[in-house]
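Single-letter residue listing:
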Amino acid sequence: MKRKLKGITIPYLYYDKSKNYTYYIYKDKEYTNLDKLFTDFVGSYLTYHFNINEKTHEVHNLSEVLEALLKNKKSFSIPKNYKEEYSKEEYAYITKLQDRLLNEKLKIENNQLYEHKFTIKNIFEYRLFKFTKEIFEKYKKIAIPKKIHSNIFNHDYYVVAGSAYESIYHALDEVFDDSLYYQFGGTKKENNRSHFHSHNFDDLISLIFERSSKFKIHVFQQEFYSKQELEFLNKLADKLKKMKFHSVERNIDELDYEEYFYLKDNKKYLSLLIHNIRFYKEDKKYRNDVLNSHKI
């Protein structure tokens, strides 16, 4: 583990370019399983039950429920006595997904398929080029996400429509015309654009770390969660407050983007170089500030 990543006491989401994978780091350990991470950090996580051929199974990540459904579309069911473990949104999403699977309605859009051509850039990222090309050639006609193991990066991925994803949620987004929805923060007015939201629970958690000062679930937002999910999120928020964790937020100036495209379109290359150097320094400082905020 890199020296700069040691001493982290608040779970930190990190993309490891060499491994082509994203994971959390906490107390010098790497976590890809949220159940293990938050059992260590706050003492508990979540539990979901479902049936396969009338046999009940217990898992601790919603992604595992979706994976079981993809593998067992005909025999999968959620018993009534476990329905409350899921939010209304989640239950509806699962029900609709099962219907699409049974009726073979998950489709690949033509514009999702593209060739992977070798360029000079690939010399420096050859493993990634080889990986993406291999995935495209083997799985370009796969319309139902499938879990595979990559020997190139020694990690599991979900493949669909010629692309690979770390998250089953993102893989499903490519072929399923529905998504999950979780909302928090903002004002008490329901129709207000100040709210934050996520389309899967894993990304919601990472968003809470990015916007911890704005995290609050209003009464009207509780409908997007199950009771156990609300309890977990409140426990996580309380833990962060007790540890006096404050997320580092980045204020992006739209004028910077306008300036970038103006300089690029008008071929003002020297000014563009100076602009990019300044942006790189600001971005590096921001990333360092975020990392240090997770070392309390």
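Each remark here, short or long, concerns the structure printed above.
Reference entry: report on the structure contained in this document. Throughout this description, residue numbers start from 1 for each chain and increase along the sequence as written. Reporting of local features is limited, given that this is a predicted model, to residues whose pLDDT is at least 70; pairs of side-chain atoms are given and counted only at 80 or more, and all residues count toward the totals for whole chains, interfaces and linings. Note that the side-chain values use all heavy atoms of the structure and ignore hydrogens as well as water.

### A look at the overall build of the protein
Right, so step 1: Comment: elements are numbered from the N terminus, with helices defined as DSSP H or I runs of at least four residues and strands as E runs of at least two. Regarding its fold elements, the protein presents nine helices and 11 strands.
Right, so step 2: To get the radius of gyration, use the C-alpha atoms; to get the globule rule, take the number of residues to the power 0.38 and multiply by 2.2 Å. What you see for the protein is a C-alpha radius of gyration of 21 Å, in line with the 19 Å of a compact globule of 296 residues.
Right, so step 3: Per-residue burial for the protein yields a buried fraction of 43% across its 296 residues.
Right, so step 4: Working rule for contacts: check all heavy atoms of both residues, and any pair within 4.5 Å makes them a contact. For the protein, the proportion of contacts with a sequence separation of at least 24, taken over those separated by at least 6, is 57%.
Right, so step 5: The method behind every accessible area is Shrake-Rupley, applied with a 1.4 Å probe, and residues are considered shielded solely by the protein chains displayed. Roughly 18100 Å² of accessible area belongs to the protein as shown, and the carbon and sulfur atoms make up 49% of that amount. The rule is simple: take the accessible area with a 1.4 Å probe, protein chains only, and divide by the maximum for that residue type; under 20% is buried, over 50% is exposed, in between is partly exposed.

### Re the sheet that holds strand β2 (residues 21-26)
Right, so step 1: An order of β1-β2-β3 is seen for the three strands of this open sheet, with the pairing classed as antiparallel. Strands with a single pairing partner mark the edges of an open sheet, and in this sheet they are β1 (12-16) and β3 (29-31). Direction aside, the axes of adjacent strands within the sheet are offset by 45° on average. Any two strands are treated as partners once DSSP identifies two or more bridges connecting them. To obtain each axis, a line is fitted to C-alpha atoms, and for helices this fit is confined to the stretch in contact; angles are then taken between N-to-C directions over 0 to 180 degrees.

### Remarks on the sheet that holds strand β6 (residues 76-77)
Right, so step 1: If you walk across this open sheet you meet the three strands as β5-β4-β6, and the pairing is antiparallel. Both outer strands of the open sheet, β5 (55-59) and β6, are each paired with one neighbouring strand and no more.
Right, so step 2: Sheet topology places strand β4 (residues 48-52) next to β6; two bridges connect them, and they run antiparallel. Directly across from Ile52, in β6, lies its bridge partner Phe76.
Right, so step 3: Packed on one face of the sheet, helix α2 (residues 62-71) meets β4, β5 and β6 and runs near 10° to β4.

### Let's talk about the side chain of His218
Right, so step 1: Inspection of the secondary structure puts His218 in the loop between α6 (201-210) and α7 (227-242).
Right, so step 2: What makes His218 buried here is its relative accessible area of 8%.
Right, so step 3: Contact partners of His218, with chain neighbours within four places excluded, come to Gly185, Gly186, Thr187 and Lys188.

### Remarks on the pairing of strand β8 (residues 155-160)
Put simply, side chains in a regular strand alternate between the two faces of the sheet.
Right, so step 1: With five of its six residues buried, β8 lies for the most part within the structure.
Right, so step 2: Here strand β7 (residues 146-150) folds back onto β8, and the loop between the two strands holds four residues, one of which, Asn154, carries a positive phi near 55°.
Right, so step 3: Two elements, β8 and strand β9 (residues 163-165), share three bridges in a ladder whose sense is antiparallel. Within β9, the residue paired with Tyr158 across the bridge is Tyr165.

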